[in-house]
Amino acid sequence: RPFGEEVEYGDEEKIEKQLRSLFFTSTPEIPDLVRSYLKEKSEKRRRNFFRDAVLENFAPLVRHLPGELVDYILAAFLERPGDDRDQWGSFDTHLIDERGIGGHQFYPASPAQPPFLLLLRLHEAEGLRLIRALCNHSIAIWRWRSTHPSHYRSAATPVPVKVRLAWGQRSFWGDNQVYVWFRGYWGNTAVRSGLMALEQWALEKIDAGTPFDEIFQKVVDGNSSVAALGLGVSLCLAHP
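Undergrad: Teacher, can you tell me more about the pattern of salt bridges here?
TA: Pairing between side chains of opposite charge can happen when the charged atoms of each approach one another. Tallying each qualifying case throughout the model produces 11 salt bridges. Arg129 is paired through a salt bridge with Glu126; the nearest N and O atoms lie 2.8 Å apart. On the criterion of helical spacing, the pair formed by Arg129 and Glu126 is a turn pair, its members being 3 residues apart in helix 8 (residues 124-147). Overall, Glu126 belongs to the partly exposed group, its relative accessible area being 21%. Across the pair Lys218 and Glu214 runs a salt bridge whose closest N-O atoms are separated by 3.3 Å. With Lys218 and Glu214 both in helix 11 (residues 212-220), this residue pair falls 4 residues apart, about one helical turn. Residue Glu214 is classed as partly exposed on the basis of its relative accessible area of 36%. Among the ionic contacts, a cluster of salt bridges with common partners joins Glu124, Lys205, Glu214 and Lys218.

Structure below.
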């Protein structure tokens, strides 16, 4: 632009978006700078402002900084009673409706929603860590909601389903709605997308020759929601 020409707000926003995209694309060349940027943004009070940019440029982060990407998502998206984002009381519509995970970035729920499937394929441990953490946070909010009465429901005491598996007894929490999160119903779109991607990855691994028991344990273990149990049942039905 000629020197001194005023920049429109929309143009300024567009340029900022392009520069941020260039920055993330350069992750292989400047990993330390990108790592510091993600850490800084995850600690800021207005960290949610940057969520779109991170997920829009997820591919280089998945490939080169998978652990840092997972850390950022868990810091930027998870909401809890007592957070200063909203005025939390004994009941909060946003917290309940979204099961404790903010943002619209994972809508609509799909196994193709980034970064889950690519993360599982390239960095299995980090993909599993992300999906387990999202599921466990959402089911913790589900349990919190159950014990906090609202204007349309009374308080209740959740009771877990206890299942003895090959590697020991595990407890799973939820109801009939939670059970079908992995099918893309109810729940938060981030959790639903993560579980749907997990199912696709599991089927791919089994079809490629990985022992069924190994994949089944990775899908179910470490996850405290009955949605993971439903996914495990689905795998058993696909491979009786």
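Undergrad: Please clarify how the packing of aromatic side chains should be interpreted in this entry.
TA: Geometrically, a pair of aromatic rings is defined through the distance of the ring centres and the angle of the planes. With the rule as written, the count across this model stands at 9 aromatic pairs. With centroids separated by 5.5 Å and ring planes inclined at 35°, the aromatic side chains of Phe106 and Phe116 adopt a geometry described as tilted. Here the residue Phe106 occupies a position in the loop between helix 6 (93-97) and helix 7 (116-122), and Phe116 occupies one in helix 7, the gap between them amounting to 10 residues. Residue classification places Phe106 among the buried residues on the basis of a relative accessible area of 2%. A relative accessible area of 1% means that Phe116 is categorised as buried. Members of the aromatic cluster, each reached through a chain of ring pairs, are Phe23, Phe24, Tyr37 and Phe50. Its guanidinium or amino end placed over the ring of Trp173, Arg143 lies 3.5 Å from that ring's centre, counting from NZ or CZ.

Undergrad: Looking at this structure, how should I read the packing of helix 10 (residues 189-207) against helix 11?
TA: When two helices pack together, their arrangement is given by the angle between the helix axes and the distance between those axes. It is at 9 Å that the axes of helix 10 and helix 11 come closest, and there the two elements cross at 165°. When the axis of helix 10 is compared with that of helix 11, the two are roughly antiparallel. For the pair helix 10 and helix 11, the sense of crossing is right-handed. Contact residues: helix 10 offers Leu198, Trp201, Ala202, Lys205 and Ile206, while helix 11 offers Phe212, Ile215, Lys218 and Val219. Tallied by class, residues from the contact of helix 10 with helix 11 come to 7 nonpolar, no polar and 2 charged.

Undergrad: Sorry if this is basic, but what is going on with a nonpolar patch on the surface here?
TA: A grouping of Ile15, Leu19 and Leu22 is seen on the molecular surface, where their side chains present a nonpolar patch of about 290 Å² in accessible area. For Leu19, the position within the fold is in helix 1 (residues 9-25). Looking at Leu19, the relative accessible area reads 54%, which means it is exposed.

Each value, and the rule that gives it
Residues numbered from 1 in each chain as written. Predicted model: local features only at pLDDT ≥ 70, side-chain atom pairs only at ≥ 80, totals over all residues. Heavy atoms only, no water. Salt bridge = Lys/Arg side-chain N within 4 Å of Asp/Glu carboxyl O. Helix = DSSP H or I, 4+ residues; strand = E, 2+ residues; numbered from the N terminus. Buried < 20%, exposed > 50% of the residue type's maximum accessible area, 1.4 Å probe, protein only. Phe/Tyr/Trp six-rings, centres within 6.5 Å; stacked < 30°, edge-to-face > 60°. Lys NZ or Arg CZ within 6 Å of the ring centre and 35° of its normal. Axes fitted to C-alpha atoms, helices over the stretch in contact; angles between N-to-C directions. Parallel < 35°, antiparallel > 145°, perpendicular 65-115°, else oblique. Left-handed = near helix turned anticlockwise from the far one by under 90°. Contact = heavy atoms within 4.5 Å. Nonpolar A, V, L, I, M, F, W, Y, C, P; charged D, E, K, R; others polar. Patch = residues over 30% accessible without salt bridge, like charges linked within 9 Å, V, L, I, M, F, W, Y side chains within 5 Å. Areas by Shrake-Rupley, 256 points an atom, 1.4 Å probe, with all protein chains shown as cover.

Note that every value here comes from positions in space, so none of it alone points to a role or purpose.
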